[in-house]
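Chain by chain, the residues:
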Amino acid sequence: WPATRFALQGVVVGFFALIVVSGLFGNQLPSKNIAPLLTWTVWWGGLIILILYAGKAWCYVCPWDAIAGWAEGLRFWGRKKEGLGLGLSWPGALRNIWLATVLFVGLTWIEIGFGVTMRPRVTAWLGIAMLCLAFVSAFIFERKSFCRYACLVGRVSGLYALFSPVEIRAADREVCRTCSTPSCYEGNDAGEPCPTFQYLGGMEQNTYCISCMECLKSCEKGNVALRLRPWGADLSSRHRARPDEAYLALLMLSLTGFHGLTMTGVWREVLGWIERSLDVGETVAFSAGMGALMVAPALLFAGLVALSRWFAGASTATYRTCFIRYAYALLPIALFYHIAHNSEHLLMEGQKVVALLSDPLGQQWDLLGTARWS
């Protein structure tokens, strides 16, 4: 049904609007404002668990993509006739995920270094910034280039989705080989072209599929399957390994571990030592410490790859190939550490959403009768 996605996106857009309004105009005490709790505890913590069980389901309801797509295409559902976008090609030098990696590192630096999780107004502005990035891409570039190359949420969830037990694939590859109208890629009157430039007949992994289901609408042969599979199926297959994905996988593990470290007393001692040793302020010391803790695991990994290759015999594969391929083995470790880290926040702190839904702006309201719930 064409309106299915619109209905689900509408619910999520409503929560996004609540976060923006509460963050900008509500009580700025984080304990009395729903914006930080919904964003950093419920959404970010729940997103990782959603990926574990449902892959890229978040992309199906993403509010940033929804609002930008509605505005550019001048419609809420159905095939776009004539949009407002320029339809330019994404720059060739940026046809990778390095930009998304930079944004991911930058968000982590802002989130932890400046205590964004406790600042409702800044949380709202970050959400607006993501919407602006989606808007700029939608009105300038073809299809959904931002989702494919630059969205930090989509790229992080895309790598984690290699582990998920859900996939969208061609039901029969032989049918795709004999197909003379690749509508899954080019689109037709029933569905849009694949927004992230995936050809269903050759798609072998979840990374860049955003589960929009347009191929399900456009395939004249009904050859699209939404399937369950064993966890980690993409990681156990011999897919094309890429250096940009490998480095993001390394950073995902490093930064998730770093996030946990900053919640301990040890980190405060390390920060103090850096400040005294370099005679710098807290921001510079934090940046230096974060940089060191991003680089150190990568160097350790590089050394272990060299050692492994030496034991196996240097003729087995080049060092670069080993480095890139071994990096994918870190993804399940990063994913489950990420889940472990966020579960406490989601299951314990997340309960506060019951009370805050009655008083989202911290104005002493009791809209649902749950404001005093504990």
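If you're wondering where the values come from, they're calculated on a predicted model, not measured in any experiment.

A. Up close: the packing of aromatic side chains. With the rule as written, the count across this model stands at 23 aromatic pairs. Relative to Phe76, the ring of Phe6 lies with its centre 5.0 Å away and its plane at 45°, an arrangement referred to as tilted. Here Phe6 is found in helix H1 (residues 3–25), whereas its partner Phe76 is found in the loop between helix H4 (63–73) and helix H5 (98–113), with 70 residues between them in sequence. Classification of Phe6 as partly exposed rests on a relative accessible area of 25%. According to the relative accessible area criterion, Phe76 is partly exposed, its value standing at 49%.

B. Representation of unusual backbone geometry within the structure. Of note in this structure, Phe197 is not a glycine but carries a positive phi near 60°. Positive phi values are uncommon outside glycine, yet Met213 reaches one of about 70°. Relative to the elements of secondary structure, Met213 occurs in the loop between helix H10 (183–186) and helix H11 (214–218).

C. A look at helix H8 (residues 152–160). Counting buried residues in H8 gives nine out of nine residues, a clear majority hidden from the surface. Listed in full, the buried residues belonging to H8 are Leu152, Val153, Gly154, Arg155, Val156, Ser157, Gly158, Leu159 and Tyr160.

D. Examining the pattern of salt bridges more closely. By the definition in use, this model includes 14 salt bridges. One salt bridge in this structure joins Arg169 and Glu167, with 3.6 Å as the shortest N-O distance. Both residues of the pair, Arg169 and Glu167, count as buried. Each member of the salt-bridge network shares a partner with another, and the members are Glu167, Arg169, Arg227, Arg229 and Asp234.

E. View of the environment of Gly127. Its place among the elements puts Gly127 in helix H6 (residues 120–140). Taking C-alpha positions, Gly127 is 32 Å from Ala241, a pair spaced 114 residues apart along the chain. Those residues within four positions of Gly127 in sequence are excluded, and the remaining contacts are Phe16 and Trp64.

About the thresholds
Residues numbered from 1 in each chain as written. Predicted model: local features only at pLDDT ≥ 70, side-chain atom pairs only at ≥ 80, totals over all residues. Heavy atoms only, no water. Phe/Tyr/Trp six-rings, centres within 6.5 Å; stacked < 30°, edge-to-face > 60°. Helix = DSSP H or I, 4+ residues; strand = E, 2+ residues; numbered from the N terminus. Buried < 20%, exposed > 50% of the residue type's maximum accessible area, 1.4 Å probe, protein only. Salt bridge = Lys/Arg side-chain N within 4 Å of Asp/Glu carboxyl O. Contact = heavy atoms within 4.5 Å.

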